[in-house]
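# Per-entry structural report
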Amino acid sequence: MRKTIMVMLFLFILTACADSKDGLTTKDLAVQKVNDSKAIVGYGMSRAEAEEVLGEGDDKSIANSVMYSSGVRVMYREDKVAGITLSEESKDTYETTGGFKIGMSKDDFKKIYGDQYLMDMERNLDYAYDSINKRYLHDKEWAAKAEDDSKIYVISGLFNGKGVADGIALVDKRMAITYR
């Protein structure tokens, strides 16, 4: 009897831990230097904090964004990080905090972020997670009006014709749609 209770308790704890890893949080909307997991730029950080890691960038008129020499573009809303993209130039320098970087395959992307994606097209794979209702969005749910678009987290992998990543976007839905 005691053994059965211990096994059930272990399974309950294991299940609870697994459930807590489901979904996306703002910690997933972040990048880090490849060999320095402490050098992180993430969603919600101030521009000053982001530039401590990235250095000074080149202001662009595109979506309140700044391009940094490392191939990282940061989109700001009210001087806080609301989106991050990685381009080819970031290949050996930055990766997502999940461990995905430019040059990896679409299959690698699925291994890291799972199979609850919004859409899988030839050149992109997108995930959308509603952090208020704690669930991944699919098709029509994505198009529906959300309570707060800044609480829907989006991770997109952009792939070339060979299925190799040449771009990554980590944004909220509001930034993805309106660039604000």
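What counts and what doesn't
- Residues numbered from 1 in each chain as written.
- Predicted model: local features only at pLDDT ≥ 70, side-chain atom pairs only at ≥ 80, totals over all residues.
- Heavy atoms only, no water.
- Helix = DSSP H or I, 4+ residues; strand = E, 2+ residues; numbered from the N terminus.
- Buried < 20%, exposed > 50% of the residue type's maximum accessible area, 1.4 Å probe, protein only.
- Contact = heavy atoms within 4.5 Å.
- Areas by Shrake-Rupley, 256 points an atom, 1.4 Å probe, with all protein chains shown as cover.
- Pairing = 2+ DSSP bridges.
- Axes fitted to C-alpha atoms, helices over the stretch in contact; angles between N-to-C directions.
- Salt bridge = Lys/Arg side-chain N within 4 Å of Asp/Glu carboxyl O.
- Core = buried A, V, L, I, M, F, W, Y, C linked by side-chain atoms within 4.5 Å.
- Arc of directions from axis to C-beta.

## Here's the deal with the overall build of the protein chain
- Helices and strands together make up the secondary structure of the protein chain, namely 5 helices and 12 strands.
- A burial count over the protein chain gives 41% of its 180 residues as buried.
- Taking all contacts inside the protein chain whose residues are at least 6 apart in sequence as the whole, residues at least 24 apart take part in 47%.
- Summing over all exposed atoms, the protein chain offers an accessible surface of approximately 10,600 Å²; the carbon and sulfur share of this is 52%.

## Things to note about the sheet that holds strand S1 (residues 30-33)
- Reading across the sheet, the 3 strands line up as S2-S1-S7 and stay open at both edges, with antiparallel pairing between neighbours. With partners counted over all chains shown, the strands left at the sheet margins are strand S2 (36-42) and strand S7 (94-96), one partner each. Neighbouring strand axes in the sheet, compared pairwise and without regard to direction, differ in orientation by 35° on average.
- Of the pairings in the sheet, the one linking S1 to S2 comprises 4 bridges and is antiparallel in character. When the sheet's bridge partners are listed, Gln 32 is paired in S2 with Ile 40.
- Where helix H2 (residues 47-54) meets the sheet, its contacts fall on S1, S2 and S7, and the angle it forms with S2 comes to roughly 140°.

## Here's the deal with the pattern of salt bridges
- Going through the model one piece at a time under the given rule, you end up with 5 salt bridges.
- The salt bridge partner of Asp 120 is Lys 110, with a shortest N-O separation of 2.9 Å. Residue Asp 120 is found in strand S8 (residues 119-121), and its partner Lys 110 is found in helix H3 (residues 106-113); the two are separated by 10 residues along the sequence.
- Taking relative accessible area as the criterion, Asp 120 reaches 32% and is therefore assigned partly exposed.
- Within this structure, Lys 106, Lys 110 and Asp 120 form a network of salt bridges that share partners.

## As for the nonpolar core
- Val 41, Val 74, Val 81, Phe 109, Tyr 127 and Ile 155 are the most contacted members of the largest nonpolar core, which has 33 residues in total.
- When residues of this core are traced back to their parent elements, those giving at least two are S2, H2, strand S5 (72-77), strand S6 (80-86), H3, strand S9 (124-130), strand S11 (152-159) and strand S12 (165-172).
- Ignoring sequence-local partners within four residues, the contact set of Val 41 consists of Leu 29, Ala 30, Val 31, Ala 50, Val 53, Leu 54, Val 74, Val 81 and Ile 84.
- Within the second largest apolar cluster, 11 residues are counted, among which are Leu 137, Trp 142, Ile 152 and Val 171.

## Digging into H2
- Three or more residues of H2 are buried, namely Ala 50, Val 53 and Leu 54. Seen from one end, H2 has its buried residues packed into an arc of 85°, which puts them on one side. Facing away from the buried side of H2 by more than 90 degrees, the exposed set consists of Ala 48 and Glu 52.
- Buried positions along H2 lie against S1, S2, S5, S6 and S7.
- Gly 55 lies just past H2 and shows a positive phi near 85°.

## A short note on unusual backbone geometry
- In this model, Glu 78 sits at a positive phi of 55°, which is unusual for a non-glycine residue.
- With a relative accessible area of 75%, Glu 78 lands in the exposed category.
- The phi dihedral of Asp 79 falls on the positive side, at around 65°, and the residue is not glycine.
- With respect to the helices and strands, Asp 79 occurs in the loop between S5 and S6.

## What to know about the pairing of S12
- A large share of S12 lies buried, amounting to 7 of its 8 residues.
- With 7 bridges joining them, S11 and S12 adopt antiparallel strand pairing. Within the sheet, the bridge partner assigned to Leu 158 lies in S12 and is Gly 167.
- Count of turn residues in the S11/S12 antiparallel hairpin: 5 residues, of which Gly 163 carries a positive phi of about 80°.

Any link to function would need more than the numbers given here.
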